[in-house]
Amino acid sequence: LAVEKRHGHHATPNLLAIWGHYLRNKTVLILLSLSFVVAFAMAALSAVFALFASREIFVGVDPARVAQNVGYMMAFMGVAAVVSQVTLLKPLVDKWGETTVIIIAIFTASLSCVALSYLSDARLIALALLPAAFSYAIGLPTGQALLMRFGDEKTHGQLIGLYHATCSVAYFVGPLVGGYL
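It should be emphasised that the depicted structure is a prediction, and the values quoted were computed from it without experimental measurement.

Colleague: How do you make sense of the overall build of the chain when you look at a structure like this?
Modeller: Helices and strands together make up the secondary structure of the chain, namely seven helices and two strands. When the helices and strands of the chain are placed in sequence order, the string is β-β-α-α-α-α-α-α-α. Across the 181 residues of the chain, 36% fall into the buried class. Of the contacts made within the chain by residues no fewer than 6 positions apart, 70% connect residues no fewer than 24 positions apart.

Here's what the structure looks like:
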């Protein structure tokens, strides 16, 4: 790509031109969109879960106890994500491939969000957090791995930057939308 600007004697990449090149590829755009959805769902959930818990799960409970219970639930979710990523990601990719795995991640994130909107029992809520943890654990690494197919050794860093920029936007927008809803 002829996407460098000359500054004195150093050449620096024009990231907007590079990203624009990749964003014109429909498959890259779809992969970034799917990764955005997974990151968005997790960011929105994390941002508003304590308020949701105090209003729907632990009604009338001392705020300190609510915070403690929410902390336990988020820790449970974190452990579930680690276990999912360490034990399930590779076997799932080996069996079904990365494209199917990212679709599974989107489906399980959606399933979790729907379940959370209908439940009010703390134990059932904790169980409904499992698909969210699972989707986060398998969805984001799979999206990044799929995206790397569109570059070479010289452009992998740029693609990773684009991927993380997309997730950063999701981590910004997710809590805003989650708080609004």
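Still more to cover.
Colleague: How should the pattern of salt bridges be read in this particular structure?
Modeller: Two side chains carrying opposite charge are able to pair once their charged atoms lie near each other. Tallying each qualifying case throughout the model produces three salt bridges. Ionic pairing is found between Lys 90 and Asp 94, a salt bridge with its closest N-O pair at 2.8 Å. With Lys 90 and Asp 94 both in helix 4 (residues 89-96) and four residues apart, the pair spans about one turn of that helix. With respect to class, Lys 90 is no different from Asp 94; both count as exposed. Here Asp 121 makes a salt bridge to Arg 123, at a shortest N to O gap of 3.4 Å.

Colleague: Looking at this structure, I do not really get helix 3 (residues 63-87). What am I missing?
Modeller: One turn of an α-helix holds 3.6 residues; hence residues three or four places apart share an orientation. Here helix 3 is 25 residues long and its end C-alpha atoms lie 36 Å apart, about the 36 Å a rise of 1.5 Å per residue gives. For helix 3, the set of buried residues is Val 66, Asn 69, Val 70, Met 73, Met 77, Ala 80, Ala 81 and Ser 84.

Colleague: Please clarify how the side chain of Thr 166 should be interpreted in this entry.
Modeller: Residue placement: Thr 166 occurs in helix 7 (residues 156-180). For Thr 166, a relative accessible area of 16% gives the class buried. Residues contacting Thr 166, with those up to four places away along its chain left out, are Leu 32 and Phe 36.

Colleague: Honestly, the packing of aromatic side chains in this entry has me stumped. Any pointers?
Modeller: Two measures describe an aromatic ring pair: the distance that separates the ring centres and the angle between the ring planes. Summed over the entire model, instances satisfying the criterion amount to two aromatic pairs. Here Phe 36 and Phe 40 contribute two aromatic rings whose centre-to-centre distance is 5.8 Å and whose plane-to-plane angle is 25 degrees, an arrangement assigned as stacked. Linking Phe 36 with Phe 40, this pair stays in helix 2 (residues 26-57), spanning four residues, or about one helical turn. When its relative accessible area of 24% is taken as the criterion, Phe 40 is described as partly exposed. Ring geometry for Phe 49 and Phe 52: centres 6.0 Å apart, planes at 40 degrees, overall tilted. Residue Phe 49 and its partner Phe 52 are both found in helix 2; the two are separated by three residues, about one turn of the helix.

Colleague: Sorry if this is basic, but what is going on with the layout of surface pockets here?
Modeller: Over the atoms rolls a probe the size of a water molecule, and its path tells where empty space is left. Its volume calculated, the largest pocket comes out at about 570 Å³. Together, 19 residues line the largest pocket, and Ala 44, Val 48, Phe 52, Gly 178 and Leu 181 are the ones closest to its centre. Examining the composition of the lining of the largest pocket, we find that 10 residues originate from one element, helix 2, more than from any other. For the lining of the largest pocket, a count of residues per class yields 13 nonpolar, four polar and two charged.

Colleague: Before we go on, may I ask you to explain the nonpolar core in this structure?
Modeller: Most often, soluble globular proteins keep nonpolar side chains buried together rather than apart. In terms of nonpolar packing, the biggest core is built from 20 residues, with Leu 45, Phe 49, Met 73, Met 77 and Leu 129 touching the most fellow members. Mapped onto this core, the elements with two or more residues apiece are helix 2, helix 3 and helix 6 (122-148). Beyond its immediate stretch of four places on either side in the chain, Leu 129 contacts Leu 45, Phe 49, Met 73, Met 74, Met 77, Ser 112 and Leu 116. Grouped together as the second largest cluster of nonpolar side chains are 17 residues, Leu 31, Leu 32, Leu 162 and Ala 170 included.

Colleague: Looking at this model, I keep getting lost on the side chain of Ser 135. Mind explaining?
Modeller: Following the sequence through the fold, Ser 135 ends up in helix 6. Other than its neighbours up to four places away in sequence, Ser 135 contacts Val 38, Ala 105, Thr 108, Ala 109 and Leu 140.

Colleague: Can you help me understand the packing of helix 2 against helix 7 in this one?
Modeller: For any two helices packed against each other, one specifies the crossing angle of their axes together with the interaxial distance. In contact at an axis separation of 7 Å, helix 2 and helix 7 are set at 40 degrees when each is read in the N-to-C sense. With respect to their mutual orientation, helix 2 and helix 7 come out oblique. Every pair of crossing elements has a handedness; the one defined by helix 2 and helix 7 is right-handed. Here the contact of helix 2 with helix 7 is built from residues that sort into 17 nonpolar, five polar and no charged.

Definitions and cut-offs
- Residues numbered from 1 in each chain as written.
- Predicted model: local features only at pLDDT ≥ 70, side-chain atom pairs only at ≥ 80, totals over all residues.
- Heavy atoms only, no water.
- Helix = DSSP H or I, 4+ residues; strand = E, 2+ residues; numbered from the N terminus.
- Buried < 20%, exposed > 50% of the residue type's maximum accessible area, 1.4 Å probe, protein only.
- Contact = heavy atoms within 4.5 Å.
- Salt bridge = Lys/Arg side-chain N within 4 Å of Asp/Glu carboxyl O.
- Expected span 1.5 Å × (residues − 1).
- Phe/Tyr/Trp six-rings, centres within 6.5 Å; stacked < 30°, edge-to-face > 60°.
- 1 Å grid on protein atoms, 1.4 Å probe; cavity = no way out; pocket = protein on both sides within 12 Å on 5 of 7 lines; lining within 4 Å.
- Points joined across faces, edges and corners; volume = space filled by probe spheres on them.
- Nonpolar A, V, L, I, M, F, W, Y, C, P; charged D, E, K, R; others polar.
- Core = buried A, V, L, I, M, F, W, Y, C linked by side-chain atoms within 4.5 Å.
- Axes fitted to C-alpha atoms, helices over the stretch in contact; angles between N-to-C directions.
- Parallel < 35°, antiparallel > 145°, perpendicular 65-115°, else oblique.
- Left-handed = near helix turned anticlockwise from the far one by under 90°.

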